Protein chains: 2
Amino acid sequence: MSKNSTIKDIAERLGVSKALVSFVLNGKSEEKRISEKMTKKVLDMAKKMNYKPNYLAKSLRTGKSHTIALIIADISNPFFAKFARYIEIEASTYRYKVIFANSDETKEKFAAELEVFKNRQVDGFILIPPIGSEDELVKLQKEKIPFVVVDRLFKSVSTHTVTINNFQAGYEATLRLLQNNRKNIAIINVNNQLFTMQQRVKGYRKALLQNSVDVKSGLIKHLKFSHDKNSVLKAIQQVIQQGADGILFTTSKLAMLGFECFSELGVNIPKDIAVISFDDMDAYKVTFTPISAVVQPIANMSKEAVRILMKMIEGKYGKGEYENIMLDVEFVYRASCL
Amino acid sequence: MSKNSTIKDIAERLGVSKALVSFVLNGKSEEKRISEKMTKKVLDMAKKMNYKPNYLAKSLRTGKSHTIALIIADISNPFFAKFARYIEIEASTYRYKVIFANSDETKEKFAAELEVFKNRQVDGFILIPPIGSEDELVKLQKEKIPFVVVDRLFKSVSTHTVTINNFQAGYEATLRLLQNNRKNIAIINVNNQLFTMQQRVKGYRKALLQNSVDVKSGLIKHLKFSHDKNSVLKAIQQVIQQGADGILFTTSKLAMLGFECFSELGVNIPKDIAVISFDDMDAYKVTFTPISAVVQPIANMSKEAVRILMKMIEGKYGKGEYENIMLDVEFVYRASCL
DNA sequence: TTAATTTGCTAAATCGATTAAGCTTAATTA
DNA sequence: TAATTAAGCTTAATCGATTTAGCAAATTAA
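On a predicted model such as this, the values are computed, not experimentally measured, just so you know. (Residues numbered from 1 in each chain as written. Chains lettered and ligands numbered in written order. Predicted model: local features only at pLDDT ≥ 70, side-chain atom pairs only at ≥ 80, totals over all residues. Heavy atoms only, no water.)

1. Comments concerning the packing of aromatic side chains
A complete count under the given rule lists 19 aromatic pairs over all chains for this structure. With 6.4 Å between their ring centres and 55° between their planes, Phe117 of chain B and Phe125 of chain B make a pair best called tilted. Accessibility classification places Phe117 of chain B together with Phe125 of chain B in one group, the buried group. Three or more aromatic residues joined by ring pairs make a cluster, and in this case those are Phe249, Phe259, Phe262, Tyr284 and Phe288 of chain A. The ring of Tyr55 of chain A is capped by Arg120 of chain B, whose NZ or CZ atom sits 5.6 Å from the centre of that ring. The lysine or arginine in question, Lys253 of chain B, covers the ring of Phe225 of chain B, its NZ or CZ lying 5.2 Å from the ring centre. (Phe/Tyr/Trp six-rings, centres within 6.5 Å; stacked < 30°, edge-to-face > 60°. Buried < 20%, exposed > 50% of the residue type's maximum accessible area, 1.4 Å probe, protein only. Lys NZ or Arg CZ within 6 Å of the ring centre and 35° of its normal.)

See below:
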């Protein structure tokens, strides 16, 4: 590594002090009353020597790493990948870099990644915490480390959050299925310990009750995070047995697995069963039947999350003052439930 | 931030030197002849004071940041997201963290991201460089910064590379289409300035020629990176006009857009046109017709890439000694071309 | 003419680690 | 008993920046 030039090098070449060089390079010439002539000399020399600041040194001294960490469940899941993408875009507008890790939706990995990133002195976190990570969030708060929770919400701990209106989304999606003359609407859900997911189901219930449709427990299926095609298949078979003519999938991962099952079972969408899925996928336009979806405003969520985090890093929130942004979703209706 | 305890704090509490504490905490007690008793005392105190090393300081001093940077085109593209996922997994086995950025397939952004990461003293790069970034690669080499190029290959500059056998993949995919009795096989391609893509087309040509099928230039379509549905639509309409009964898409993004077009055009897959796509997607199992695909061994590619990069970081390659790993692809044949 | 102020710059501490070199004792050897 | 060697630590420099406090010369004010 052909040794980068440092402030010291520049100072020596110019026969001035390191402080002066540092002031100039940080645009503090005016403030520090460095003469224009000297300012120019330093700037020219810096350019000539191809000076690049060492951010490690800078960060060590200032205590700011200009890096935020993003912990999601799994970047290879398109829903999370989109978050990563938009958060990177937003962060870059603040000249921040993003470092990421996957929790695989386990609180152990989540806690471990938090530790690692704390040691690396990230300035803050954007988190999609797995079930049961309340303690970790409380710990972060005690340590006064800035963070924003996205997509989820933990009732027992107040934090900054950016979520969608899951209740409303579940409610409206179910209404749409009702409008399609479906009488036996099932909901296939996952990670129901998450408030986010509970709200989706709550919205579903409200839509049914409001329309005088009985809520049948046999039509409500909760799967574990570690679900595979088989568990989805079982759930689908069971709700079909109960006479389901409509299904609301609360995640696209569930839905994608579900579609495989439909093909295998010879179920026709939407004739036999109308379908709506949370999270719009590119795939939904080209599935055997195009799929209707609840579209989460991921770009906007990312924008809000980064905005709040930056404000937090700058210490601009009072103690106990938290923003809880709740955004509306949109819907795209395709042949699976027009 | 409740001020983390430092080595200095531990040393003071124990009335010993910082050096001693550092030695113990780095497991060098034996080597540095620190007594067992003292070692235990330090370890206990570190635990008691909840000591967490400051990696910025560590990195500044040692010149190793234990971070690698990954620059891809776009993390929200599932193909790249998978790379990110696997590279993170592999890096973590070496206790390395991954920091990433999207180039959007432009060499300007690519160069800018490289700069930023260099300033942040990453230990090395895993790169999927956009068209025309040879100069940047050469620059990295001059600066002796470790990097590995993945998925692509630039003939004018020798580097470590991990790619698939694109020629073979294009060849075999085309063969399969021929075996399906397709006589007018089209190839819809993108970014043809990339060697990777050229090889896929070359494989396609060879398969045709070997089977005495004329290569018709009207059946070969090259799109620009910034392609949208319209450009794909145009390409599809043109090859259909030329009597195409089979299409090989050289990326899944092209294919996904293509499938939308097929629906709109009322083209039946595989009756009218047989289809194979590079890169297997989750979606391909649930498309109107399940899609056959060239499956890239992304996990393996990531493994090799990280292995090489680590070896490079440890300085274990001789000057001008480069590994060029070329992995075989697999195929999954579904109804679109059985 | 002297004191006060301003201008333009420097010295040195600091961030939190690592590490080469050296300094006391105690133990061993001659 | 004196000279070596080893054991067990410590000192201080260093990585590459930032930043507080202060100094000398030039300028202005009284």
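2. As for the sheet that holds strand β8 (residues 246-249) of chain A
Residues and elements named next belong to chain A. Taken together, the six strands give an open sheet; going across it, the order is β7-β6-β8-β9-β10-β12, and neighbouring strands pair in mixed fashion. Looking at strand neighbours, the two that pair on one side only are β7 (220-223) and β12 (330-332), the edges of this open sheet. Taken pair by pair, the neighbouring strands of this sheet meet at an average axis angle of 15°, ignoring direction. Two strands pair when backbone bridges link them, and β8 and strand β9 (residues 274-278) are joined in this way by four bridges, in the parallel orientation. Note that in β9 the partner of Phe249 across the bridge is Ser277. The sheet contacts of helix α9 (residues 195-210) involve β6 (185-190), β7 and β9, and relative to β6 the element is tilted by about 170°. (Pairing = 2+ DSSP bridges. Helix = DSSP H or I, 4+ residues; strand = E, 2+ residues; numbered from the N terminus. Axes fitted to C-alpha atoms, helices over the stretch in contact; angles between N-to-C directions. Contact = heavy atoms within 4.5 Å.)

3. As for the domain arrangement of chain A
When the domains of chain A are assigned, the result is domain 1 (7-53), domain 2 (65-164 + 299-328) and domain 3 (166-296 + 332-337). Taking only C-alpha atoms into account, the centre of domain 1 of chain A sits 37 Å from that of domain 2 of chain A. (Domains from an automatic or database assignment.)

4. Describing the protein's contact with DNA strand D
Near DNA strand D, the surroundings consist of 29 residues, among which Ser22, Tyr51, Asn54 and Arg61 of chain A together with Arg61 of chain B are the closest. Of everything in DNA strand D that lies within 4 Å of the protein, sugar and phosphate atoms constitute 56%. Here a base nitrogen of DNA strand D sits 3.3 Å away from a polar atom, N or O, in the side chain of Lys18 of chain A. In the environment of DNA strand D, a phosphate oxygen lies 2.4 Å from a nitrogen or oxygen atom belonging to the side chain of Ser22 of chain A. (Near = heavy atom within 4 Å. Polar contact = N/O pair within 3.5 Å; in protein donor to acceptor, adjacent residues only side chain to side chain.)

5. Let's talk about the interface of chain B and chain A
Across the contact, 48 residues belong to chain B and 48 residues belong to chain A. The largest share of the area that chain B buries against chain A comes from Leu56, Arg120 and Val286 of chain B, three residues that together contribute 16% of it. In this structure, Glu260 of chain A engages Lys285 of chain B in a salt bridge whose closest nitrogen and oxygen atoms are separated by 3.8 Å. Where chain B meets chain A, there are 20 residue pairs in polar contact (both at pLDDT 80 or more). Looking at the side of chain B that touches chain A, the elements with two or more residues in it are α4 (55-62), α5 (78-93), β2 (97-102), α6 (107-119) and α11 (252-265) of chain B. Considering each element in turn, the side of chain B that touches chain A owes the most residues, six residues, to β2 of chain B. For the side of chain B that touches chain A, a count of residues per class yields 21 nonpolar, eleven polar and 16 charged. (Buried area = accessible area lost by both parts, 1.4 Å probe. Salt bridge = Lys/Arg side-chain N within 4 Å of Asp/Glu carboxyl O. Nonpolar A, V, L, I, M, F, W, Y, C, P; charged D, E, K, R; others polar.)

6. Describing the protein's contact with DNA strand C
Taken together, 28 residues are adjacent to DNA strand C, and Arg61 of chain A together with Ser22, Tyr51, Asn54 and Arg61 of chain B come closest. For DNA strand C, the backbone portion of the atoms within 4 Å of the protein, that is sugar and phosphate, comes to 52%. Side-chain polar atom of Asn26 of chain B to a phosphate oxygen of DNA strand C: 3.1 Å apart, as the coordinates give it. Asn54 of chain B is positioned such that a nitrogen or oxygen atom in its backbone is 2.7 Å from a phosphate oxygen of DNA strand C.

7. Some details on the pattern of salt bridges
Applying the stated criterion across every chain, the model contains 38 salt bridges over all chains. Arg334 of chain B is the partner of Asp280 of chain B in a salt bridge, and the nearest nitrogen-oxygen pair spans 3.1 Å. Here Asp280 of chain B, found in the loop between β9 (274-278) and β10 (292-295), pairs with Arg334 of chain B, found in the segment after β12 (330-332); they are 54 residues apart in sequence, far enough to count as distant. In this structure Asp280 of chain B comes out as buried when scored by relative accessible area, which is 19%. The class for Arg334 of chain B is buried, based on a relative accessible area of 12%. Members of the salt-bridge network, linked through shared partners, are Lys52 of chain A together with Glu115, Lys118 and Glu143 of chain B.

8. Digging into the pairing of strand β5 (residues 161-164) of chain B
Residue and element names in this part refer to chain B. Both faces of β5 are covered, namely the face carrying Thr161 and Thr163 and the face carrying Val162 and Ile164. Pairing analysis gives two bridges linking strand β4 (residues 147-150) to β5, with the strands arranged parallel. Pairing of Val149 across the sheet is with Thr161, part of β5.

9. Some thoughts on the environment of Lys229 of chain A
All names here are of chain A. Of note, Lys229 is situated in helix α10 (residues 229-241). Residue Lys229 is classed as partly exposed on the basis of its relative accessible area, which comes to 27%. Sequence-wise, Lys229 and Asp135 are 94 residues apart; in three dimensions their C-alpha atoms are separated by 32 Å. Excluding residues within four positions of it along the chain, Lys229 makes contact with Leu257, Glu260, Cys261 and Glu264. Side chain to side chain, Lys229 and Glu264 meet in a polar contact 2.6 Å long.

10. Some remarks on the sheet that holds β9 of chain B
All names here are of chain B. The sheet built from six strands is open, its strands ordered β7-β6-β8-β9-β10-β12 with mixed pairing. With partners counted over all chains shown, the strands left at the sheet margins are β7 (220-223) and β12, one partner each. Averaged over all pairs of adjacent strands, the angle between strand axes in this sheet comes to 15°, irrespective of strand direction. Strand direction decides the pairing type here: strand β6 (residues 185-190) and strand β8 (residues 246-249), joined by four bridges, are parallel. Bridge assignment links Ile187 to a residue of β8, and that residue is Leu248. Packing against the sheet, helix α8 (residues 166-179) makes contact with β6, β8, β9, β10 and β12, and its axis sits at approximately 165° to β9. The strands touched by α11 within the sheet are β6, β7, β8 and β9, with β8 carrying the most contacts at an inclination of about 145°.

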